[in-house]
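Examination of the molecular architecture
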Amino acid sequence: MAEHDLTKTIIPYLDRHLAFPLLAHLVETQLFPVEEVQAAQYELAKGTNMVDYAVSLFEQLYRDQEIPEEFSRKREMAVCTNERLQQEAQAVLDVIENPDVAQALRQDKNQNLTFLKDNYNVTLEQINALYNFGQFQYTYGNYSGAADYLYHFRVLSTDNELNTSAHWGKLASDILTGKWDTALEELNTLRDVVDSRTPSSLLTTPTEPAALAQLHSRTWLVHWSLFVYFNHPQGRTLLLETFLSPTYLNTIQTSCPWILRYLTAAAILSRKSAAGGSNTSSRVRYSIREIVKVIQMEEYQYQDPVTSFLKELYVEFDFEAAQRQLSLAERVVTDDFFLGEFREDFLDNARYLISEAYCRIHQRIDIGDLSERLNLSRDEGEKWIVNLIRETRMGAEAKIDLEKNVIEIHRTALPVYQTVIEKTRGLAFRTQALGAGMLHSQQAVQSQSQPSIVDGAR
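All of these numbers come straight from a predicted model, not from anything done at the bench.

Let us now look at the packing of aromatic side chains. Describing an aromatic ring pair means giving the distance of the ring centres and the angle of the ring planes. Across all of its chains, the model carries 23 aromatic pairs by this definition. When the ring of Phe230 is compared with that of Tyr262, the centres are 5.9 Å apart and the planes differ by 65°; the resulting orientation is edge-to-face. Here the residue Phe230 occupies a position in the loop between α12 (210-229) and α13 (235-243), and Tyr262 occupies one in helix α15 (residues 260-269), the gap between them amounting to 32 residues. Between the aromatic rings of Phe230 and Phe338, the centroid separation amounts to 6.4 Å while the plane-to-plane angle is 40°, which identifies the pairing as tilted. Taken as a pair, Phe230 in the loop between α12 and α13 and Phe338 in the loop between α20 (319-335) and α21 (343-360) lie far apart in primary sequence, 108 residues in all.

For the pair α15 and helix α19 (residues 305-314), interaxial distance at closest approach is 8 Å and the crossing angle is 55°. Here α15 is positioned oblique relative to α19, judged by the angle of their axes. α19 is crossed by α15, and the crossing has left-handed handedness. Between α15 and α19, the residues in contact are Leu260, Arg261, Thr264, Ala265 and Ile268 and Val306, Thr307, Phe309 and Leu310, respectively. In the contact of α15 with α19, the residues fall into six nonpolar, two polar and one charged.

Considering all chains together, one arrives at 13 salt bridges under this definition. With a shortest N-O distance of 2.8 Å, Arg75 and Asp52 are connected by a salt bridge. A residue pair is termed long-range when its members are at least 10 positions apart, and Arg75 in helix α5 (residues 69-96) and Asp52 in helix α4 (residues 51-61) qualify at 23 residues. For Arg75, a relative accessible area of 33% gives the class partly exposed. Accessibility expressed as a relative area gives 53% for Asp52, which makes it exposed. Here the salt bridges share partners, and the residues they tie into one network are Arg154, Lys170, Asp174 and Glu186.

All right, on to a negative patch on the surface then. Taken together, the side chains of Glu316, Asp318, Glu320 and Glu372 present a region of like negative charge at the surface. Turning to its location among the elements, Glu372 is positioned in helix α22 (residues 367-373). Judged by its relative accessible area of 53%, Glu372 is exposed.

This next bit is on the pairing of strand β2 (residues 398-401). As judged from the four bridges shared by β2 and strand β3 (residues 406-409), these two strands associate in the antiparallel manner. The partner of Asp401 across the bridge, within β3, is Val406. Counting the residues in the hairpin turn of β2 and β3 gives four residues, including Asn405, whose phi is positive at 60°.

Okay, the sheet that holds β2 next. Adjacent strands of a sheet pair through backbone hydrogen bonds, lying either parallel or antiparallel. In spatial order, the strands read β1-β3-β2; together these three strands make up an open sheet with antiparallel pairing. Looking at the sheet topology across the chains shown, the edges are occupied by β1 (364-366) and β2. For this sheet the average axis-to-axis angle between neighbouring strands, irrespective of direction, equals 20°.

Quick notes on the rules
Residues numbered from 1 in each chain as written. Predicted model: local features only at pLDDT ≥ 70, side-chain atom pairs only at ≥ 80, totals over all residues. Heavy atoms only, no water. Phe/Tyr/Trp six-rings, centres within 6.5 Å; stacked < 30°, edge-to-face > 60°. Helix = DSSP H or I, 4+ residues; strand = E, 2+ residues; numbered from the N terminus. Axes fitted to C-alpha atoms, helices over the stretch in contact; angles between N-to-C directions. Parallel < 35°, antiparallel > 145°, perpendicular 65-115°, else oblique. Left-handed = near helix turned anticlockwise from the far one by under 90°. Contact = heavy atoms within 4.5 Å. Nonpolar A, V, L, I, M, F, W, Y, C, P; charged D, E, K, R; others polar. Salt bridge = Lys/Arg side-chain N within 4 Å of Asp/Glu carboxyl O. Buried < 20%, exposed > 50% of the residue type's maximum accessible area, 1.4 Å probe, protein only. Patch = residues over 30% accessible without salt bridge, like charges linked within 9 Å, V, L, I, M, F, W, Y side chains within 5 Å. Areas by Shrake-Rupley, 256 points an atom, 1.4 Å probe, with all protein chains shown as cover. Lys, Arg positive; Asp, Glu negative; His and termini not counted. Charge placed at Lys NZ, Arg CZ, Asp CG, Glu CD. Pairing = 2+ DSSP bridges.

Right, dumping it as structure tokens:
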């Protein structure tokens, strides 16, 4: 379903190297003509130092043309630059990899710089060589090498601007090498840096207000985090914790409402986490309720079958429409770069939500009718419903009459005081968050600091 593909929407918020996996996925799904996708890959590759990759794409696109000379010149220049930067960076590495030096380094970076300068004549320019070489390795496609050099640079450098840039580069490198635990740590660190709102931590221009720059930085961070949250084992739950926080939910509603697809999918995929576990936060337990409210507010500017499924189910209570949207959502999830591998889990949890909502408003349910609404055969539906009752709290309320082929549900009325508690559960937290946000805005107005330019990993 090409009309629901978000690749072209997401890529402008990614580094070009992070865009390559998305384009490769489009080649596999064939949602768009392969030649168009390869042309996009070629245009991106030309802006990197991955000359051989760019040449291979050129040969696929222009089979009858000779390879331009500019690629040979670019390859020679890249090799020379790589050798020069490596020599400059190696001089610093040789010092800091010395066991005596590593043991002498402390938490105080200024003290470390003084120690290295007095004892080994290591200057700030030489330390910056680690950043330059790490950045070049990244453009070269050597992501693991880039991560190492940028890490060493960050340990020593006191330049906040370059440190922030190194944070972005290190995160991208960890994502592209598939080191998800490390990438999650880097993501959390970078989020703290961005949320600190210091001018040097933001992707700014000299004339851009700090608040707007912070919004832009958070928007980029939201898109980059999708790689981590949909690959790390606990990623979906962590996504809900982050994206449903007031600051990032406001970012999504303001700058990137299409992220609601992934927020909705994460809530559906985290159904079992939300249903039980005393360690689960209230934000995760009531995630679907909060997301449905946001979907209602933002449907004027974004909706797709995934978000429409929850709307039809929990707002309209139209089970036939929810069934149709689920069929469309299955195709959308299958073709989506981030969600494709969760297709079966998504369908399983979505059917659970339909069953739960249907059973909540009926006391006597025909198993055949419910099976049809779940897009299952009668036999499959019967097995599904039996497992559902066994696994959930419905077991104490529901009984199956196999002779009449119906489910009978007997509920005890919820006490009034419990209803009041449920309705006002998040009121104190929201009031506190609103007060903190107003105080933060007031402090920002009083601040006279000017933002500065940061060259990010891109």
